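Take a look at the letters that make up each chain.
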Amino acid sequence: MTGVEDLLQTTPLLIVSISGLVVLVIDSIFRNGERLAFWLAATSLLASGLHGLYGIGETGTAFSGMLTTGGYADFCAALFSLAGFLTLLLSRDYIGSRTTDRGEYYVLILFAVAGMILMASAADLVVLFLGLEMMSLCFYVLAGFTRTSFAGNEASLKYFLLGAFATGFLLYGIAFLYGAVGSTNIDLILSSASHLRDQTFFLIGLSLLLIGFLFKVAAVPFHMWVPDVYEGAPTTVTGFMSTGGKAAAFSALLLVFAPRLASQIGPVREVIAVIAAVTMIGGNILALSQENIKRMLAYSSVAHAGYLLTGVVAANGSGSTGILFYLAAYTLMNCGAFGVVALLESREGGRTSFQDYSGLSKSSPVLAGLMALFMFSLTGIPPFAGFFAKYAVFSGAVAAGYTWLAIIGVLASLISVYYYLRLVVLMYFSEGEHPVPAPVPLAYAALLAAAGAVLFLGLFPSTILDLTATFF
Amino acid sequence: MMTTQLVAMAVFLPLAGFLINGLAGRKLKSELLIGAIGSGTIGLSFVIALILFTGMLGTPVADRTTIVTLFPWIEAGALSTSFAYQIDQLSILMMLIVTGVGFLIHIYSIGYMHGDPSFWRFFAYLNLFIFAMLNLILADNFLLMFLGWEGVGLCSYLLIGFWYDRRFEKGSTGDAAKKAFIVNRIGDVGFLIAMFLIFTTFGSLDFVSVFPQAAAFPVGHEVMTWITLALFLGATGKSAQIPLFVWLPDAMAGPTPVSALIHAATMVTAGVYMVARCSILFALAPTTMMIVAVIGAATALMAATVGLVQNDIKKVLAYSTVSQLGYMFLALGVGAFAAGLFHVMTHAFFKALLFLGAGSVIHAMHEEQDIQKMGGLKSALPVTGRTFLIGAIAIAGIPPLSGFFSKDEILWKTFSGGYWPLWIIGFVGAGLTAFYMFRLYALTFEGTKRWEGEKHPHESPLTMTIPLIVLAVLSVVGGLIGIPESLGGGNTIEHFLAPVFGPAELAMRLHATHGGIEYLLMISSVLMAAAGITLAWKWYRTASNQPVRFAERFAGLYRVLLNKWFVDEMYETAVIRPTVRGSEKLLWKGIDVHVIDWTVNRLGTFAQWVSRTVRVVQTGVTQNYAFVFVAGVLLIIGWILSA
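Residues numbered from 1 in each chain as written. Chains lettered and ligands numbered in written order. Predicted model: local features only at pLDDT ≥ 70, side-chain atom pairs only at ≥ 80, totals over all residues. Heavy atoms only, no water.

Assigned secondary structure in chain B consists of 25 helices and four strands. The C-alpha radius of gyration of chain B comes to 28 Å, within 12% of the 26 Å expected for a compact globule of 643 residues. With respect to the principal axes defined by its C-alpha atoms, chain B has extents near 105 × 60 × 50 Å. Put simply, chain B has 643 residues, and 56% of those count as buried. Considering only intrachain contacts with a sequence separation of at least 6, the fraction spanning at least 24 residues in chain B is 81%. For chain B, the accessible surface area stands at approximately 25,800 Å², while carbon and sulfur atoms represent 70% of it. (Helix = DSSP H or I, 4+ residues; strand = E, 2+ residues; numbered from the N terminus. Rg over C-alpha atoms; globule rule 2.2 N^0.38 Å. Buried < 20%, exposed > 50% of the residue type's maximum accessible area, 1.4 Å probe, protein only. Contact = heavy atoms within 4.5 Å. Areas by Shrake-Rupley, 256 points an atom, 1.4 Å probe, with all protein chains shown as cover.)

Residues spaced three or four apart along an α-helix point in a common direction, a consequence of the helix completing one turn every 3.6 residues. With 20 residues, helix H5 (residues 102–121) of chain A extends 29 Å from end C-alpha to end C-alpha; this agrees with the ideal 28 Å at 1.5 Å per step. Where burial is concerned, most of H5 of chain A is hidden: 18 out of the 20 residues are buried. (Expected span 1.5 Å × (residues − 1).)

Quick look at the side chain of Asp228 of chain A now. Structurally, the position occupied by Asp228 of chain A is in helix H11 (residues 225–232). For Asp228 of chain A, the side chain forms a polar contact with the side chain of Lys158 of chain A, separated by 2.7 Å. Those residues in contact with Asp228 of chain A that lie beyond four places of it in its chain are Ala155, Lys158 and Arg295 of chain A together with Gln618, Gly620 and Tyr625 of chain B. (Polar contact = N/O pair within 3.5 Å; in protein donor to acceptor, adjacent residues only side chain to side chain.)

Let's shift gears to the nonpolar core. Judged by nonpolar contacts, the single largest core of 196 residues is most densely connected at Phe250, Phe257, Leu309, Phe374 and Met375 of chain A. Top element by residues in this core is helix H15 (residues 317–344) of chain A. It accounts for 18 residues. Not counting residues up to four positions away in its chain, the partners in contact with Phe257 of chain A are Leu206, Leu209, Leu210, Phe213, Ala262 and Val268 of chain A. Counting residues in each nonpolar core, the second largest holds 195 residues, with Met133, Cys278, Ile295 and Tyr319 of chain B among its members. (Core = buried A, V, L, I, M, F, W, Y, C linked by side-chain atoms within 4.5 Å.)

As a further point, take the interface of chain B and chain A. Counting residues at the interface gives 24 residues for chain B, matched by 35 residues for chain A. Roughly 2,600 Å² is buried in total at the junction of chain B and chain A, and carbon and sulfur atoms are behind 78% of that figure. When the buried area of chain B at its contact with chain A is split by residue, Gln618, Phe629 and Ile640 of chain B rank highest and sum to 26% of it. The interface formed by chain B and chain A includes zero salt bridges. Linking chain B to chain A there are eight residue pairs in polar contact (both at pLDDT 80 or more). Among the secondary structure elements, those contributing two or more residues to the side of chain B that touches chain A are helix H24 (567–614) and helix H25 (622–642) of chain B. Top contributing element to the side of chain B that touches chain A by residue count: H25 of chain B, with 13 residues. (Buried area = accessible area lost by both parts, 1.4 Å probe. Salt bridge = Lys/Arg side-chain N within 4 Å of Asp/Glu carboxyl O.)

Turning our attention to unusual backbone geometry. That bond from Val220 of chain A to Pro221 of chain A is cis: its omega, 5 degrees, falls within 30 degrees of zero. Ile242 of chain B connects to Pro243 of chain B through a cis peptide bond whose omega is 5 degrees. Its place among the elements puts Pro243 of chain B in the loop between helix H8 (222–238) and helix H9 (247–250). Look at Trp565 of chain B: it is not a glycine, yet its phi comes out positive at around 60 degrees. Mapped onto the fold, Trp565 of chain B is located in the loop between helix H23 (555–562) and H24.

With that settled, the discussion passes to the packing of helix H3 (residues 89–112) of chain B against helix H15 (residues 337–364) of chain B. Residue and element names in this part refer to chain B. Across the interface, H3 lies against H15 with an axial gap of 11 Å and an inter-helix angle of 5 degrees. In terms of their interaxial angle, H3 and H15 are classed as roughly parallel. Side by side, H3 and H15 meet where Leu90, Leu93, Met94, Ile97, Val101, Ile105, Tyr108, Gly111 and Tyr112 of the first sit next to Leu341, Val344, Met345, Ala348, Phe349, Ala352, Leu356, Gly359, Ser360, Ile362 and His363 of the second. The class makeup of the residues in the contact of H3 with H15 is 16 nonpolar, four polar and no charged. (Axes fitted to C-alpha atoms, helices over the stretch in contact; angles between N-to-C directions. Parallel < 35°, antiparallel > 145°, perpendicular 65-115°, else oblique. Nonpolar A, V, L, I, M, F, W, Y, C, P; charged D, E, K, R; others polar.)

All told, the structure shown has 64 aromatic pairs over all chains when counted by the stated rule. Judged by centre distance (6.0 Å) and plane angle (85 degrees), the rings of Tyr307 of chain A and Phe394 of chain A are edge-to-face. Remark: Phe394 of chain A occurs in helix H18 (residues 385–399) and Tyr307 of chain A occurs in helix H14 (residues 293–314); sequence separation between them is 87 residues. On the basis of relative accessible area, Phe394 of chain A is assigned to the buried category, the value being 8%. Through pairs of rings, three or more aromatic residues link up here, namely Tyr140, Tyr159, Phe160, Phe165, Phe169, Phe215, Phe222, Trp225 and Tyr230 of chain A together with Phe629 of chain B. The ring of Phe38 of chain A carries the charged tip of Arg92 of chain A above its face, separated from the ring centre by 4.6 Å. (Phe/Tyr/Trp six-rings, centres within 6.5 Å; stacked < 30°, edge-to-face > 60°. Lys NZ or Arg CZ within 6 Å of the ring centre and 35° of its normal.)

Moving on: the state of the cysteines. Residue and element names in this part refer to chain A. Following the criterion strictly, the structure yields zero disulfides over all chains and no others. The thiol sulfur of Cys138 is not disulfide-bonded, and the nearest other cysteine sulfur, from Cys335, lies at 16 Å. Since its relative accessible area comes to 6%, Cys138 is described here as buried. This cysteine, Cys335, is not joined by any disulfide, and Cys76 carries the nearest cysteine sulfur, 16 Å off. (Disulfide = S-S within 2.5 Å.)

Here we take up the pattern of salt bridges. Across all of its chains, the model carries 21 salt bridges over all chains by this definition. Close ionic contact of Glu154 of chain A with Lys158 of chain A constitutes a salt bridge, the shortest N to O distance being 2.8 Å. Of this pair, Glu154 of chain A and Lys158 of chain A are both found in helix H7 (residues 150–181), four residues apart, which corresponds to roughly one turn of the helix. Given a relative accessible area of 34%, Glu154 of chain A falls into the partly exposed group. Note on Lys158 of chain A: relative accessible area 5%, which makes it buried. For Arg577 of chain B, the salt bridge goes to Glu572 of chain B, with nearest N and O atoms at 3.8 Å. On the accessibility criterion, Arg577 of chain B (41% relative accessible area) is partly exposed. Overall, Glu572 of chain B belongs to the partly exposed group, its relative accessible area being 32%. The network of salt bridges with common partners includes Glu154, Lys158, Asp228, Glu231 and Arg295 of chain A.

Residue and element names in this part refer to chain B. Bridge count between strand E1 (residues 66–76) and strand E2 (residues 79–87): nine bridges; the pairing is antiparallel. Along E2, the bridge assignment pairs Pro72 with Ser82. Where E1 folds back onto E2 in an antiparallel hairpin, the turn is made up of two residues, including Gly77, whose phi is positive at roughly 60 degrees. (Pairing = 2+ DSSP bridges.)

Our focus in this paragraph is the packing of helix H4 (residues 71–96) of chain A against H15 of chain A. All names here are of chain A. Closest axis-to-axis distance for the H4/H15 pair is 10 Å, and the angle between their directions is 5 degrees. On the basis of the axis angle, H4 is roughly parallel to H15. Contacts between H4 and H15 involve Tyr72, Phe75, Cys76, Leu79, Leu82, Ala83, Leu86, Thr87, Leu90 and Tyr94 from the former and Leu324, Leu327, Ala328, Thr331, Leu332, Cys335, Gly339 and Ala342 from the latter. The residue makeup of the contact of H4 with H15, split by class, is 15 nonpolar, three polar and no charged.

Time to look at the environment of Leu527 of chain B. Summarising the element assignment, Leu527 of chain B is placed in helix H21 (residues 516–540). For the pair Leu527 of chain B and Gly431 of chain B, spaced 96 residues apart in the sequence, the C-alpha separation amounts to 8.7 Å.

A cluster of nonpolar side chains, Leu21, Leu24, Val25, Ile29, Phe30 and Leu36 of chain A, forms an exposed patch at the surface whose accessible area comes to about 570 Å². Here the element with the most residues in the nonpolar patch is helix H2 (residues 11–29) of chain A; it accounts for four residues. (Patch = residues over 30% accessible without salt bridge, like charges linked within 9 Å, V, L, I, M, F, W, Y side chains within 5 Å.)

Right, let's get into the domain arrangement of chain B. In terms of domain boundaries, chain B breaks down into domain 1 (285–561) and domain 2 (569–642). Relative placement of domain 1 of chain B and domain 2 of chain B: their C-alpha centres are 62 Å apart. (Domains from an automatic or database assignment.)

Here it is as structure tokens:
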């Protein structure tokens, strides 16, 4: 029976999607509705985020078993809303100074978040697919949101082509699984894994589904789109895609593959382990020779997908809570890093190379300090959240007997020290001239909040680790 | 409940003082305000210590130990440590000494540091020191104690090098500061190793957990010996004992109040406190106890002999401190823990007094420290002169001043414990102490003036003389709480501390003995002191050529003593130069440059090369991307199906 109760159980989804619709209407009716639209969007994302932080409900199902609610779904919803909220604050001036249609931008962010929430709450592969496409479609548009920008258009088109390509595989995988199991219910598929593990159609279905997810999380060798799209898309959108988008894909990966499936089907787990290793090494190695910050962060995002995948391989409680903690930390620090890049970027999309950051600590000490903090956290240096994030997933892998993978992870992150700290060195130990960016109160508030949260989570990681431990 | 807040306040008030003066001190223009903040916080801590102390006196002996847990600190695997303080007889005694003497020295510093451009920085460091010291003595576990231990070391370093632009002997004050820090690091290694051993042996670093467990070990157990030896190495560093005493004389490069507070009254006694705190561990390791006693006695004698011939007023006092610390370790080594602590207390009074007096003299003489260029200062500095004399009598061991009771208690316990060779050393040392102290007093305050040029020394301001007077009173009466039973006293301090040292004394099967011989020893040590005083008085009160003739007759010995037994030179040749040369030639230019750096750089360039080579794949052509994608798909499906 679908009714009011179902709606109430899915509060975050409800808040975000309704406000998305309302903002859409406001934007098309009022001429100067931008302010109202912005605050409505921001408030609804904040509300949905706080709901997840303070009102995590009992686990249950809604809409005739199509959605799971409470617990895990609520936590993920809070995470996505947070990513959306930070992005909104960082974007208002950035987008406003580059296009005239800010209202649409807010709508797209809201719908993308709604899609993400749908993914994390899916109890059925069809719903999962629905959420994934909802999110992806918004991303395709967002990537090319600056319509006059050549790079933006290229990014959008490339993303769309390859995304559609990947969606094909994903859908095909779902079809195979339906053929093998006779249902698209995730729970049912997982519980039949034990007796279907040698069935070819079932395995092909799983592989294709996995490939669809691996594309979304940007794992090697399905990562090729990432540098081009991340570089070309508006910087704030890149920040959103790399955090919210990745988090959503991982939340779906956790839902289907870890911890229940990976531990049952050996070959799948092995494949994920190898891909994790290749992703960590490849992402970090390729980031080394980048001269553009956005491309560097793109490859770094690939590398982080690799670290996160070790948590999937671990397929145990520690790995899974580690992934959720990691996603929270990564959302904060990567949104922060892209936020700084966005603030410093010139209107034409310039000033994003490493050299443009030399001597930044003199002209913009606050931004340089924040960027340094985010870089340290991305490197995984205590006491910042990035350290405990890595620690959590790696210790999960060690506990599951994948010590070699953890060792590769640590060595790979050793490489990352070079390119993250290179930026810090440039900012603090070389000379350079910079136009001082105009202060943007909203964006600064978002950055400071993100930095504070990165530090807080680094000092008190148990706040999230203890909470998420109850989900698995 | 109430205790928790009080203890937290007592510890964190000095930290607050440090933060206020350290962060805003430069902008606070008024010296009075800075000094008031600096001294006030310590004064309040002292008041709290008094409150806690009277509260403790009002509770039955069995309930006098209180553990105050502020917050959990480190939880990692089996290790669980809290920021927690243990208030018991031992720690409250130390707390009273540290905050009480510390308060007086803070007050004194307001006058002494007047006009210094870094006035605020001085008080900030001083407050930070008290904070660290309180953590050291109040900690209820080894880790927090180590935090305080390192904290006081840091403050000592900062304060020795406080006048970083001044020269000191052959180098700068920075050299002296570094020497103190590095020598202390050697001792700290011992402390760390001891902590590791304690943790692996007992699975905890909390005193309440470690000590009862240790009591179950048999006497002479190997682990105990290693733990206590490592701890004692730490103590020799912090408390300037052989072989790590060399930093303390150089620590005199710091301002004189620092010498009084850190390098005489409080920090250097941290090693004594630590050994006393771990008395049960040491009691179970007779070998270590023997080493402690021998090192203590040897240090007492060696430093006293050096003190005989030094001409720098602070140097004499520095060696005197090393020597007196030796007495304290002698006491600990023979199992007389309470006597050792008693001497810590009386020594804090009279040595702080002597150092502050020396500071007052140096102040009046415009930074002159050579006693050859002083003399006759008695009339110009009446308060300083008289209080200094009281301090000298106290340390010389003339009854009924405080030094007599504490030193005699140590000597008696040494003798009655059967360590008569050590007693002889201590006995001789007592004579030397009396001699060098009165030599110092006579050369400084008696006789005629020996300085050149226009100097008109006059008495220091009240902020400096009042602490001197208070400390002089304490030096006189401080011994009264430890009058031995044989002299009709109650030996209050020993009974007060007895519960803390009970387990250790039980393990060592010690029992108090008294007898006629105790009086004999007392009388002979008083006579010894009197002889030292008389000789010094005869030789130095008026210009006499006796000392010179004596020095000429024993020219070799004189040279050895004047050059401090050539210990610094020995370290220089045997340790420092080989280490520096080895580090430079082999470790730096050899291994570091050619092996480590080379490897790291090659790895770095290799990674860069791989990166540049592989990035070619990223063509920007979407079809290529899709091609790689499909290759990945085929590999994955192939793998999963073939497995």
